[in-house]
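Take a look at the letters that make up each chain.
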Amino acid sequence: QVQLVESGGGLVQPGGSLRLSCAASGLTFDYYAIGWFRQTPGKEREGVSCISNSDGSTYYADSVKGRFTISRDNAKNTVYLQLNSLKPEDTAVYYCATDPRIWPRCMHYEYAYWGQGTQVTVSS
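Residues numbered from 1 in each chain as written. Predicted model: local features only at pLDDT ≥ 70, side-chain atom pairs only at ≥ 80, totals over all residues. Heavy atoms only, no water.

1. Let's talk about the overall build of the chain
Phase 1 of the analysis: Each helix and strand counted, the chain has zero helices and eleven strands in total.
Phase 2 of the analysis: Ordering the α and β elements of the chain from the N terminus gives β-β-β-β-β-β-β-β-β-β-β.
Phase 3 of the analysis: Over its C-alpha atoms, taken along the principal directions, the chain stretches across nearly 40 × 25 × 25 Å.
Phase 4 of the analysis: The 124 residues of the chain split such that 43% are buried.
Phase 5 of the analysis: Restricting to contacts in the chain with at least 6 residues of sequence separation, those with at least 24 account for 60%.
Phase 6 of the analysis: Carbon and sulfur atoms form 47% of the exposed surface of the chain, whose accessible area is close to 6,600 Å².
Phase 7 of the analysis: Both charge centroids of the chain, one from 11 positive and one from 11 negative side chains, sit 4 Å from each other. (Helix = DSSP H or I, 4+ residues; strand = E, 2+ residues; numbered from the N terminus. Buried < 20%, exposed > 50% of the residue type's maximum accessible area, 1.4 Å probe, protein only. Contact = heavy atoms within 4.5 Å. Areas by Shrake-Rupley, 256 points an atom, 1.4 Å probe, with all protein chains shown as cover. Lys, Arg positive; Asp, Glu negative; His and termini not counted. Charge placed at Lys NZ, Arg CZ, Asp CG, Glu CD.)

As structure tokens, then:
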């Protein structure tokens, strides 16, 4: 019954922006950790960003720090990832995930619930 649905992906030129959304249903979202991940064929899944449910701290991968911003709207049960200054290397399928458990760090790959992903393609 728990479902995460990503949206907002698409084709964008280098330097452009996108806002990805992840709508959650079937859970109480407020106290869940949030994670965004991405994957390109032939590469391992990469943790992009997350918000901890232990202290609210955020994490960003070095490759996206300063360009991407994670946020949440608990009233809408939705998490966002704002992608700015996009580069071709950002091309990937982006996944959102959530988990009620408290971990020492929010960036890990054991999230309980995952969406199906949305494609982001950065190309001129």
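2. Points about the environment of K43
Phase 1 of the analysis: Note that K43 resides in the loop between β4 (33–39) and β5 (46–51).
Phase 2 of the analysis: A C-alpha to C-alpha distance of 32 Å links K43 and D30, two positions 13 residues apart in sequence.

3. Points about the pairing of strand β3 (residues 18–25)
Within a regular strand, the side chains alternate between the two sheet faces.
Phase 1 of the analysis: Bridging between strand β1 (residues 3–7) and β3 involves five bridges; their strand directions are antiparallel. Bridged to E6 within β3 is C22. (Pairing = 2+ DSSP bridges.)

4. Digging into the nonpolar core
As a rule of thumb, soluble globular proteins bury nonpolar side chains together.
Phase 1 of the analysis: Judged by nonpolar contacts, the single largest core of 27 residues is most densely connected at W36, F68, I70, V79, L81, L83 and Y94.
Phase 2 of the analysis: Taken together, the elements giving at least two residues each to this core come down to β3, β4, β5, β7 (68–73), β8 (78–83), β9 (92–99) and β11 (118–122).
Phase 3 of the analysis: Tallying contributions element by element places β3 first for this core, with four residues.
Phase 4 of the analysis: Look past the residues within four positions of Y94 in its chain and what remains in contact with it is E6, L20, W36, F37, R38, V48, F68, L81, G117, T118 and V120. (Core = buried A, V, L, I, M, F, W, Y, C linked by side-chain atoms within 4.5 Å.)

5. Thoughts on the environment of S124
Phase 1 of the analysis: Positionally, S124 belongs in the segment after β11.
Phase 2 of the analysis: According to the relative accessible area criterion, S124 is exposed, its value standing at 85%.
Phase 3 of the analysis: Each C-alpha atom, one on S124 and one on L11, is 9.4 Å from the other, the two residues being 113 residues apart in sequence.

6. Observations concerning the packing of aromatic side chains
Phase 1 of the analysis: As enumerated under the stated definition, the model contains four aromatic pairs in all.
Phase 2 of the analysis: Between F37 and Y109, the aromatic rings sit 5.5 Å apart at their centres with planes inclined by 50 degrees, giving tilted as the arrangement. Separated by 72 residues along the polypeptide, F37 in strand β4 and Y109 in the loop between β9 and β10 (113–114) bring together distant segments of the chain.
Phase 3 of the analysis: Judged by its relative accessible area of 45%, Y109 falls in the partly exposed class.
Phase 4 of the analysis: When the centroid spacing of 5.6 Å and the interplanar angle of 75 degrees are considered together, the rings of F37 and Y111 count as edge-to-face. Here the residue F37 occupies a position in strand β4, and Y111 occupies one in the loop between β9 and β10, the gap between them amounting to 74 residues. Pair check on accessibility: F37 and Y111 agree, each one buried. (Phe/Tyr/Trp six-rings, centres within 6.5 Å; stacked < 30°, edge-to-face > 60°.)

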